[in-house]
Each structure stands twice: as structure tokens, then as C-alpha cells.
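# Breakdown of the fold
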Protein chains: 2
Amino acid sequence: MQRLMVAVDIGGTKTRVGLFRDGSLLFRTSFATKGLAEVVKALRVLLSRAKAEPYSIGIGAPAPLDMRHGVILNCPNLPHWNGVEVVTELSREFDCEVFLANDATCAAIGELEFGHRSPDFVYITWSTGIGGGIVSGGRVVWGVEGQAGEVGHMVLAPQGPHCRCGKRGCLEALASGTGIARAAAELFGRKLTAATVVRKAQEGDVAAQRLVLRACEAMGQGIGILWEIFEPEMIILGGGLTRSWDYLGPFVLSAAREFSRTPPRVELTPLGDDVGLYGAAALYKHIPDLR
Amino acid sequence: MQRLMVAVDIGGTKTRVGLFRDGSLLFRTSFATKGLAEVVKALRVLLSRAKAEPYSIGIGAPAPLDMRHGVILNCPNLPHWNGVEVVTELSREFDCEVFLANDATCAAIGELEFGHRSPDFVYITWSTGIGGGIVSGGRVVWGVEGQAGEVGHMVLAPQGPHCRCGKRGCLEALASGTGIARAAAELFGRKLTAATVVRKAQEGDVAAQRLVLRACEAMGQGIGILWEIFEPEMIILGGGLTRSWDYLGPFVLSAAREFSRTPPRVELTPLGDDVGLYGAAALYKHIPDLR
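Residues numbered from 1 in each chain as written. Chains lettered and ligands numbered in written order. Predicted model: local features only at pLDDT ≥ 70, side-chain atom pairs only at ≥ 80, totals over all residues.

## Topic: the overall build of chain A
Filter applied, for reference: Only DSSP runs of H or I covering at least 4 residues are called helices, and only runs of E covering at least 2 are called strands; the numbering of each starts at the N terminus. Values of the radius of gyration come from C-alpha atoms, whereas the globule rule sets the reference at 2.2 Å times the count of residues to the power 0.38. To assign burial, the other C-beta atoms lying within 10 Å of each residue's own C-beta are counted, with C-beta atoms placed from the backbone; 20 or more indicates buried, 12 or fewer indicates exposed, and intermediate counts indicate partly exposed. C-beta atoms are first placed from the backbone for all residues, and any pair lying within 7 Å is then listed as a contact.
From N to C terminus, chain A includes nine helices and 12 strands. In terms of C-alpha radius of gyration, chain A reaches 19 Å, essentially the compact-globule figure of 19 Å for 291 residues. The dimensions of chain A, computed from C-alpha atoms along their principal axes, are 60 × 40 × 35 Å. The proportion of buried residues among the 291 residues of chain A is 53%. Within chain A, contacts between residues separated by at least 24 positions form 60% of all contacts whose residues are at least 6 apart in sequence.

Written out as C-alpha cells, the structure is:
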């Protein structure tokens with residue numbers, strides 16, 4: 001039996017699992033996110049199809065999580081996972097080492113190992129929420145409990161819109177998909193997704209354009225701050241909103257230039273929606289020694 | 001002849017030099033900052049008094065500098081140092097290895113080696129200007145050219161006061177000694193130092209209080225952002241304005257709490273004005289491999 005790296009990326013709507021050898025994604029599947037039982041089942045099916053056993057399992061999941069004890073905590077988007085001791089459960093089930101980390105940090109590891117491979121960058125997920133992962137000198141910046149990189153919760157506008165975290169004017173409240181949708185609901189008086197708002201803006205709706213521009217300016221301010229703090233080689237973006245980068249990119253970049261002393265280099269991840277899955281496969285190499 | 005670590009901290013007004021053995025500061029002197037000749041002379045006198053030769057020389061200086069080539073660049077506060085190849089000159093003069101780094105990064109190294117010794121912290125110099133140095137997982141976050149940690153140039157208020165860097169609303173423009181003094185000049189119509197403004201505020205002058213509060217709020221916002229991004233063990237402050245910490249601290253801390261999801265732990269460096277000198281003495285241990 002061959003031994004393969006197993007990667008799991010638990011998202012708010014979709015869970016992706018993949019089997020890797022030497023950084024190549026050999027087998028993969030995805031399904032609507034439910035709970036642990038569904039992940040175990042999908043892994044069993046995939047491993048049997050590959051005639052493989054797991055070498056180790058890496059899992060990326062949205063914060064908050066307890067990395068030290070391998071537990072997914074009270075995440076509003078993952079009702080089936082609240083308090084699940086995923087590391088203990090999966091290592092018992094598959095008899096191998098299991099590692100759990102923040103999904104945006106996994107994405108940064110994916111970028112480090114299989115993307116641009118820069119030793120100095122900040123990765124930003126621009127999606128329903130805004131998360132981040134940081135690599136400096138080829139090493140992940142983990143923070144004390146593995147929770148570093150929360151770039152979505154930089155307060156950029158103290159009098160700005162309320163954020164789900166309880167503060168006001170976080171980058172996430174200003175620029176995330178949720179933030180854009182909430183502002184659109186107030187403006188248009190009906191529910192619109194961020195993707196719809198962006199489409200309306202592209203089609204020439206001035207109110208939608210104003211709203212999108214404000215989100216892009218906040219993202220540019222955040223990028224400018226990260227550029228000054230880290231002096232990275234590049235800032236790398238991924239996540240659903242980057243699908244509209246042709247339209248959004250110029251607004252983000254001109255704002256970012258205004259907010260930093262040298263023009264930030266901004267790239268999109270070449271790994272697309274799989275960036276977190278790739279990172280989960282390489283997570284075992286980067287686990288910090290939490291004190 | 002014993003061999004001692006030599007540390008040089010070149011400041012805008014004062015240059016400090018010291019001789020260290022095993023992290024103990026054995027001999028020291030300081031003098032008004034001029035140029036290279038004065039540093040060479042002071043080192044010769046100190047080394048001869050100590051009957052010692054230099055093991056290595058570490059130098060901290062304000063940005064901008066070219067760390068790769070050991071050159072101090074166009075720093076407005078250091079007219080005698082513009083373009084001086086300080087690493088080449090001193091290594092020729094003293095026949096030992098010489099290292100040059102940003103002064104705030106040196107201060108962070110001083111904190112790492114001789115202060116709180118935390119492996120995860122952000123150091124902020126709150127003085128005439130605002131600088132910073134970052135340590136993650138026991139390692140300095142250097143950035144691509146050793147210029148990371150420029151926390152003073154985070155843009156916090158896009159419509160805020162002009163910064164000497166050309167941008168608007170940088171933390172430095174809002175909260176540094178220079179920023180406070182400039183706002184005071186506009187408000188009171190005459191030149192006042194930041195220290196005087198703080199004293200007036202403490203004595204009950206409402207206009208001065210408003211001005212100081214605004215600076216403290218900006219510092220709190222900056223601390224909140226750094227707390228979210230790094231998840232550090234602590235944020236450590238040093239620099240001239242921390243001499244008034246008894247008065248300023250509560251304002252800074254209450255703002256910082258408002259701008260982060262968990263209350264930031266903020267400490268003052270126990271090394272006082274010598275924090276950068278201590279760091280310069282240990283700089284040789286932390287030099288990055290710039291590509």
C-alpha cells in the first residue's frame with residue numbers, strides 16, 4: 001500500500017479533500033460541508049480508490065480554532081463542527097499524525113510550497129470573510145496560539161460599519177463579500193450577493209460602483225499597511241472576489257499605491273480555490289512548537 | 001587582549017557606544033551625533049580604556065539604510081552620515097565583522113535577548129518618530145531588504161495630517177512627537193515640544209488634552225492592528241514619549257482595547273534608552289540571509 005498525504009479543507013459551504021504525493025494532487029473530491037462523519041467517509045472512499053494509506057492528515061478550517069488541542073471552536077459558519085476534537089478523532093480513525101490550522105494560514109503554506117514560493121509574503125483571502133496568512137524568511141508567522149494573520153480584523157475606520165466580531169470598521173466589515181452585501185442591502189433595500197453588486201457596478205450602476213470602490217479602497221489601505229509592516233516580496237490574493245480581479249484590481253492597486261511609500265506588488269495565487277488544500281497537504285512541515 | 005562586542009546606536013541627536021561581554025554592558029559613552037570620525041575616535045578611547053579588541057561591531061541607525069551594503073542613506077536627521085559606507089569603513093578600521101540594521105529592529109533584538117525575552121512580540125519606538133521591530137517564533141521579521149517593521153507608516157486616517165513620507169494619516173503623523181508638536185503649533189500658534197504639550201495636558205489645558213488624546217487613540221489603533229495581525233505575546237513600547245506613560249498609558253490602552261478583539265498586553269521595555277544599544281550588541285546573531 002502506498003502512503004499519501006491527505007489534505008482536508010473545510011469551508012463554510014464546501015469541504016474539499018485530496019490525496020497528494022510529492023506535492024502532486026492525485027485524487028480529490030468535494031462535497032457540501034457537514035460534519036466529521038462525512039469527512040471520514042469521503043476519505044475512506046478516496047483512499048480505497050487510490051489503494052493508499054494516509055501518511056499524515058492536514059486540515060484547514062476557518063477560525064476560531066484551538067490549534068494546540070486540535071479542536072474547531074464556535075465557528076458560526078460550521079454548526080456541525082463546534083467543539084469537535086478533529087485531530088484526536090481523525091488520528092484514532094486513521095492511525096496517523098493529524099494537524100489542524102487556520103484555513104488562511106494553510107493557503108499561505110500552499111502558496112509557499114506550490115505557488116509563487118516566495119519566502120516573504122502576505123496571503124489574503126478575499127471572500128465571504130477576509131483572512132490572512134504570513135510567511136517571513138520562509139517561515140510561517142504563527143503567533144502565540146497559531147492565530148496570527150487576522151488581517152480582516154485590522155480596524156481601518158473607527159467610525160465605520162459594525163463587524164461581526166463586535167468592533168467597527170474592520171477591513172472585513174468594509175471589504176468582504178458579507179460587508180459588500182450588507183452595504184448593498186442598506187442601499188438598495190433588498191438582498192444582493194457581493195457578486196451581483198460587482199456585476200451591477202461593471203454594468204454601470206453608479207450606486208453599486210460607489211460601494212465597490214469603497215470596498216476596494218479599504219482593501220488597498222489594508223494592503224498598504226501590510227506592505228509597510230512586512231516589507232514582503234509580494235502580497236498574494238485569493239478567494240471568491242478575486243474572480244472579478246480584472247475589474248476590481250485597478251481600484252485596489254491605485255488605492256494600495258496611495259497608502260504605501262513604494263508601490264506594493266500584488267499577485268493572485270495560481271492555485272485558485274485549491275490553495276488551501278495544497279497548504280493542508282504541506283501543513284505537517286510547518287507545525288509550530290506552541291509553548 | 002580580551003575581545004568584546006561593540007555596539008553603536010546612532011540617534012538623531014545622540015550617539016551611544018558600548019562594550020559588552022556575555023550580554024553585560026561593561027563600558028559605555030555617548031556624545032552628540034556627528035559623523036564617522038567621532039564614532040571611530042570614541043570606540044578607540046573606549047577599547048583602549050577596556051584593554052580590549054572588538055569581536056564584532058553592531059550598529060543601529062534610523063532608516064533609510066541599505067542593509068545589504070551597509071550604507072546609511074539619505075536620513076534627514078543624520079546629515080553627516082548620508083551615503084557613508086559605515087560597514088566597509090569600520091571593518092577596515094577595526095579588522096572585524098560589522099553589521100548595520102534599522103535602529104528599531106535593533107531595539108527589538110535588545111528586547112528579545114535582554115528584555116522580556118518573548119519569542120513573539122512587536123516593539124514600537126514612540127519618540128520623535130515612530131518605528132518598530134518584529135519578532136515571531138524567536139526570529140526577527142526582516143522583510144526582503146531588512147526594512148520590515150515600519151509601523152509608523154501604517155495609514156490610519158486617509159484624510160489625516162500630512163506625513164513627512166508624503167502620505168497622509170500615517171501613525172507617525174498622528175501620534176509621534178513631531179506629529180504632536182506640529183498639531184500643537186497649528187492649535188496654539190507657537191512652537192511647543194511634544195513633552196510640553198503633554199505637560200500642559202496633565203496640568204488641565206483642555207486643548208492640549210484633546211490633542212494628546214487623539215495621538216493616544218491613533219497609537220491604540222496601531223497597537224490593535226498589530227495585535228490582530230501578529231497574535232503576539234505582547235506589544236512592547238520604548239522611546240521618549242513612554243516617559244509620560246503614567247499619564248498616556250491609560251488612554252492608549254483603552255483605545256487599543258476598543259480596536260482589538262482581545263485586550264492587548266502592552267509592556268514598556270525595561271532597558272529604557274539603552275534598548276537599541278543592547279540590540280546592536282546582539283545584532284550579529286540575527287543577521288538575515290538577504291537574497
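Moving on from the coordinates now.
## Concerning the relation of the copies chain A and chain B
Counted only if it meets this: Residues reaching a pLDDT of at least 70 in both copies supply the C-alpha atoms on which the copies are superposed by least squares.
Once chain A has been moved 0.0 Å along the axis and rotated by 180°, it coincides with chain B to within an RMSD of 0.0 Å. On this basis, the relationship between the two copies can be described by a two-fold rotation axis. Within chain A, L156 of chain A has its C-alpha nearest the rotation axis, a separation of 3.1 Å. A share of 100% of interface residues in chain A that are also interface residues in chain B marks the association as one of identical surfaces.

## Some details on the environment of E233 of chain B
If you trace the backbone, E233 of chain B turns up in the loop between α7 (206–230) and β11 (234–238). On the basis of neighbour counts, which here come to 19 C-beta atoms within 10 Å, the residue E233 of chain B falls in the partly exposed class. Residues E233 of chain B and V155 of chain B, spaced 78 residues apart in sequence, show a C-alpha to C-alpha distance of 24 Å. Look past the residues within four positions of E233 of chain B in its chain and what remains in contact with it is V144 of chain A together with S118, D120 and F121 of chain B.

## So, the interface of chain A and chain B
As a reminder, the rule being used: Three classes are used, and their members are as follows: Ala, Val, Leu, Ile, Met, Phe, Trp, Tyr, Cys and Pro are nonpolar, Asp, Glu, Lys and Arg are charged, and the others, Gly among them, are polar.
With 33 residues of chain A in contact, the opposing surface of chain B contributes 33 residues. Of all the elements, helix α7 (residues 206–230) of chain A adds the most residues to the side of chain A that touches chain B, at six residues. Here the residues of the side of chain A that touches chain B sort into 15 nonpolar, nine polar and nine charged.

## Points about helix α6 (residues 194–202) of chain B
Residues and elements named next belong to chain B. What counts, and what does not: Each direction from the helix axis to a C-beta atom contributes to the arc, which is the arc of those directions.
Looking at α6, one finds that the buried residues are A194, V197, V198 and A201. Seen from one end, α6 has its buried residues packed into an arc of 100°, which puts them on one side. Buried positions along α6 lie against α5 (177–188), α7 and α8 (245–258). One or two residues past the end of α6 sits G204, with phi positive at roughly 110°.

## Structural notes on the packing of helix α3 (residues 103–114) of chain A against helix α9 (residues 275–282) of chain A
Residue and element names in this part refer to chain A. Keep this limit in mind: In this description, a line fitted to the C-alpha atoms serves as the axis of each element, helices being fitted only across the stretch in contact, and the angle between N-to-C directions of two axes falls anywhere from 0 to 180 degrees. Note on terminology: angles under 35 degrees are roughly parallel, angles over 145 are roughly antiparallel, angles of 65 to 115 are roughly perpendicular, and the others are oblique.
Running from amino to carboxyl end, α3 crosses α9 at an angle of 80°, the nearest separation of the two axes being 6 Å. Considered as vectors, α3 and α9 are oriented roughly perpendicular to each other. Together, D103, C106, A107, A108, I109, G110, E111, E113 and F114 of α3 and V275, G276, Y278, G279, A280 and A282 of α9 make up the contact between the two elements. Along the lines of polarity and charge, the residues of the contact of α3 with α9 split into nine nonpolar, three polar and three charged.

## Looking at the nonpolar core
Going by this rule: Nonpolar cores are identified as sets of buried Ala, Val, Leu, Ile, Met, Phe, Trp, Tyr and Cys residues joined via C-beta atoms within 7 Å.
Residues I59, V197 and I235 of chain A together with I59, V197 and I235 of chain B are the most contacted members of the largest nonpolar core, which totals 192 residues. For I235 of chain B, the residues in contact, after removing those within four places along its chain, are F121, V122, I124, I223, L226, W227, P264, R265 and V266 of chain B.

## As for the sheet that holds strand β9 (residues 130–136) of chain B
Pairing between the strands of a sheet is mediated by backbone hydrogen bonds and can be parallel or antiparallel. All names here are of chain B. Cut-off, in case you're wondering: Only strands that DSSP links by at least two bridges are regarded as paired with each other.
Reading across the sheet, the five strands line up as β10-β9-β8-β11-β12 and stay open at both edges, with mixed pairing between neighbours. Edge positions in the sheet fall to β10 (139–140) and β12 (266–268), since each has one partner strand and no second. Relative to β11, strand β8 (residues 121–126) runs parallel, the two being bridged by five bridges. Bridged to T125 within β11 is G238. Taken strand by strand, helix α3 (residues 103–114) contacts β8, β9, β10 and β11, and its axis lies near 45° from that of β9.

## Overview of the pairing of β11 of chain B
Worth spelling out the cut-off: When the strands point away from the viewer, a crossover counts as right-handed if the route from the first strand across the helix to the second turns clockwise.
Counting buried positions along β11 of chain B yields four of five residues, so the element is predominantly enclosed. Chirality of the crossover, the property in question, places the unit of β11 of chain B, α8 of chain B and β12 of chain B among those that are right-handed.

## Quick look at α5 of chain B
All names here are of chain B. To be explicit about the condition: The span expected for a helix works out to 1.5 Å for each residue beyond the first.
Taking 1.5 Å as the rise per residue, α5 with 12 residues should run 16 Å; its terminal C-alpha atoms sit 16 Å apart, in good agreement. For α5, every residue scored as buried is listed here: G177, G179, I180, A183 and A184. Taken around the axis of α5, the buried residues stretch over an arc of 160°, which confines them to a single face. Against α4 (171–175), α6 and α7 lie the buried residues of α5. Once α5 finishes, G189 follows within two positions and takes phi at roughly 70°, a positive value.

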